[in-house]
Amino acid sequence: MHILLGMSNLFSWENIKHIFTYNEGEPMIFTQFFFWGFFAVVLFFYSFIYKKRGLRNAYLFLVSLFFYYKTSGLFISILLFSTLSDFIIGQLIYKVNKKNIKQLFVTTSVLINLFVLGYFKYAYFFTESFNEFFHTNYQMFNHFAQWTNDTIGTHFEVNKILLPVGISFYTFQTISYSVDVYRGHIKPVSNILDFGFYVSFFPQLVAGPIVRAADFIPQLYKPYKLTNHQFGIALFWILKGLSKKVIIGDYIAVNFIDRVFGNPTMFTGFENLMALYGYSLQVYADFSGYTDIAIGVALLMGFELPKNFNSPYKAKNVGEFWKRWHMSLSSWLKDYLYIPLGGNRGGSVGTWVALVFIIAFVVMLSGTVNVLYAILGLILISVLLALWVKSFRGWLTTNINLLITMLLGGLWHGASWQFVIWGGLNGLGLIVYKLWRKVSPYEKLNNVLGVVIKIFITFNFITFTRIWFRAENMESTYLIIDQIKNNFNAALIPEILFSYSKVFIVMLLGFIIHWLPVKVKDWYRETFIAFPLAVKIVVSAFVVFGVYQAMSSELQAFIYFQF
């Protein structure tokens, strides 16, 4: 009787409604048991249709839409709009023969995507900045919310604009698709269900990696294949990602990092410094953990996603770091922004457009026209120096687009002084390194000591820039720097180490694992893959149990969901 009552409760209307409707406080993320139940059901039905490519792609498109609905609710309409508009524009770009008409269509695609992204990501910034700059009092109004309220009877607040999860990532994918069709790198997808699947494939939809159409679309038409070795790799990536995210990232965040950044003056300078180092580990464990899981989940369904991280804290300089960190975004910015601007060959019309865009952002952030005058003065001085001093002209020509790319990369993360400074510092770091490597007597020093010193300097510079990336606001950045500088309290270090001993042990183990030689990592990965299935199951159960024990009571969303 009790079993029947339990079953009836399980299949009650409330439970069924909860499963199939959007719940704002319960997004579907990889660290929830609900996701793995969803994925098990997806795989079950997938096992019956995986050989029929058209049906397979349509099925995965539909389940991806359900995944996104459970994650973002009615923002699914924005995803569908981007899918439909870029599918149609891609067809038009391919069919017309005149280059100027092709350019018109690809420009339309880029502008539509950037307008949608800008509306949801920067509307607050523009409204507040406009009010501050011109002393007006315009109020935010969400036309999208009003439309859904009027159309389907929802009750969204019209004076608030929320950022749809993953919009930055799938927008970049659809832009690259239109541009690649224009460049002739790929042919447009003829079936909108196939194209929708490419745009919305659920493992990488909300936080990447950013997938190029040229790499992914050919996989839509290949037969499903999953060897024993690939199954082992997929399982390894999933377990590795969950361990990174929960056992390392979430644990040190909840028990130490979030507390320090939430109120830096309540902690010593040493604690603030350790929180900075801890955040460098956390953001890596969190973001790379997500993409590890995404790669593993996709591989189980027969699709390969690009590698997104390559031990970035092993980088010996800032340039190498950005080739190892968030590789899909770095390569996207290079191919669709840096090179079209002119790369290291010099400025172009696009350079001036991007520069005007950045200046407008900075002036609006400052809220005063004096900043505009200062920037224009700096530009005038730079132009005059470029005309008179040949060496400076060469330096400016080869580096202006690099700095613009990093500043725009910072603004992609958010419209604030913190992200402008963070992007600018990384841009300056790249430029300084380019100058340094030309004169440094140590550049070719690649013995163990030389490599360690280079990694140490690069890691500390990247960690320093993350003050602006992580701090709650600009005031917090000053407080953190001041605490480290003036309130270090070295005498309290033994007591602090003891008080947070578990956190520091996890941090130490995290960095040790990260800095292990590639051969060691290859060895334990291949060892796991070679295990018999029964042993894999036991190891997986052990890891899942550890993940479950390390989980905090509150939901810890992935950091890059906010971008």
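About the cut-offs
Residues numbered from 1 in each chain as written. Predicted model: local features only at pLDDT ≥ 70, side-chain atom pairs only at ≥ 80, totals over all residues. Heavy atoms only, no water. Helix = DSSP H or I, 4+ residues; strand = E, 2+ residues; numbered from the N terminus. Rg over C-alpha atoms; globule rule 2.2 N^0.38 Å. Buried < 20%, exposed > 50% of the residue type's maximum accessible area, 1.4 Å probe, protein only. Areas by Shrake-Rupley, 256 points an atom, 1.4 Å probe, with all protein chains shown as cover. Lys, Arg positive; Asp, Glu negative; His and termini not counted. Charge placed at Lys NZ, Arg CZ, Asp CG, Glu CD. Phe/Tyr/Trp six-rings, centres within 6.5 Å; stacked < 30°, edge-to-face > 60°. Contact = heavy atoms within 4.5 Å. Axes fitted to C-alpha atoms, helices over the stretch in contact; angles between N-to-C directions. Parallel < 35°, antiparallel > 145°, perpendicular 65-115°, else oblique. Left-handed = near helix turned anticlockwise from the far one by under 90°. Salt bridge = Lys/Arg side-chain N within 4 Å of Asp/Glu carboxyl O. pLDDT = per-residue confidence, 0-100. Expected span 1.5 Å × (residues − 1). Patch = residues over 30% accessible without salt bridge, like charges linked within 9 Å, V, L, I, M, F, W, Y side chains within 5 Å.

1. A closer look at the overall build of the protein chain
If you tally the helices and strands in the protein chain, you get 24 helices and zero strands. Whereas a compact globule of 563 residues would reach a radius of gyration of roughly 24 Å, the protein chain reaches 25 Å, a difference of no more than 12%. Expressed along its principal axes, the backbone C-alpha trace of the protein chain runs to roughly 85 × 70 × 50 Å. Residues counted as buried form 50% of the 563 residues belonging to the protein chain. Accessible area of the protein chain: about 28,200 Å², with a carbon and sulfur share of 69%. Positive and negative side-chain charges in the protein chain, numbering 43 and 27 respectively, have mean positions lying 15 Å apart.

2. Comments concerning the packing of aromatic side chains
Inspection of every chain in the model, using the stated rule, returns 66 aromatic pairs. A centroid spacing of 6.1 Å and a plane angle of 80° characterise the contact between Trp 36 and Phe 39, whose relative ring orientation is edge-to-face. Of this pair, Trp 36 and Phe 39 both sit in helix H3 (residues 33-49), three residues apart, which is roughly one turn of the helix. Relative accessible area serves as the criterion here: at 24%, Trp 36 is assigned to the partly exposed category.

3. What about the side chain of Ser 82?
With respect to the helices and strands, Ser 82 occurs in helix H5 (residues 76-95). Ser 82 gets classed as buried once you look at its relative accessible area, which sits at 2%. Setting aside residues up to four positions removed in sequence, Ser 82 forms contacts with Asn 113, Tyr 170 and Thr 174.

4. Comments concerning the packing of helix H11 (residues 228-262) against helix H12 (residues 269-300)
Their axes nearest at 7 Å, the elements H11 and H12 cross at an angle of 155°. In terms of orientation, H11 and H12 fall into the roughly antiparallel class. Where H11 crosses over H12, the handedness of that crossing is left-handed.

5. A few points about the pattern of salt bridges
Inspection of every chain in the model, using the stated rule, returns 10 salt bridges. For the salt bridge of Lys 245 with Asp 286, the shortest nitrogen-to-oxygen distance reads 2.6 Å. Remark: Asp 286 occurs in helix H12 and Lys 245 occurs in helix H11; sequence separation between them is 41 residues. Overall, the relative accessible area of 2% leaves Asp 286 in the buried class. In this structure, the salt-bridge partner of Asp 258 is Arg 470, at a minimum N-O distance of 3.0 Å.

6. Let's talk about the confidence of the model for the protein chain
Predicted confidence across the protein chain gives a mean pLDDT of 86, with 91% of residues reaching 70 or more. Mean pLDDT per element in the protein chain: helix H1 (residues 2-10) is the minimum at 50, and helix H22 (residues 501-514) is the maximum at 95.

7. Thoughts on the environment of Val 362
Of note, Val 362 is situated in helix H15 (residues 349-366). A relative accessible area of 12% means that Val 362 is categorised as buried. Taking the C-alpha atoms as reference points, Val 362 and Ile 375, 13 residues apart in sequence, are found 9.4 Å from one another.

8. Details of the packing of helix H14 (residues 327-341) against helix H17 (residues 390-413)
Look at H14 against H17: their axes get within 10 Å of each other, and the N-to-C directions meet at 130°. Taken together, the axis directions place H14 and H17 in an arrangement best described as oblique. As for how H14 packs across H17, the hand of that crossing is right-handed. Across from Leu 329, Leu 333, Leu 337, Tyr 338 and Leu 341 in H14, the residues of H17 making contact are Thr 398, Asn 401, Leu 402, Ile 404, Thr 405, Leu 408, Gly 409, Trp 412 and His 413.

9. Structural notes on helix H4 (residues 53-72)
Along its 20 residues, H4 runs 28 Å from first to last C-alpha, staying within 8% of the 28 Å computed at 1.5 Å per residue. H4 sits mainly inside the fold: 14 of its 20 residues count as buried. Two residues or fewer after H4 comes Gly 73, characterised by a positive phi angle close to 65°.

10. Section: a nonpolar patch on the surface
Together, Trp 352, Leu 380, Ile 381, Val 383, Leu 384, Leu 385, Leu 387, Trp 388 and Val 389 make up a nonpolar patch on the protein surface, roughly 910 Å² of accessible area in all. Of all the elements, helix H16 (residues 369-388) adds the most residues to the nonpolar patch, at seven residues. For Leu 387, the position within the fold is in helix H16.

11. Here we look at unusual backbone geometry
Positive phi is not limited to glycine here, since His 326 has a value of about 40°. As for its position among the elements, His 326 is in the loop between helix H13 (318-324) and H14. Under the relative-accessibility criterion, His 326 is labelled buried at 1%. The phi dihedral of Asn 489 is positive, around 55°, even though this residue is not glycine. For Asn 489, a relative accessible area of 35% gives the class partly exposed.

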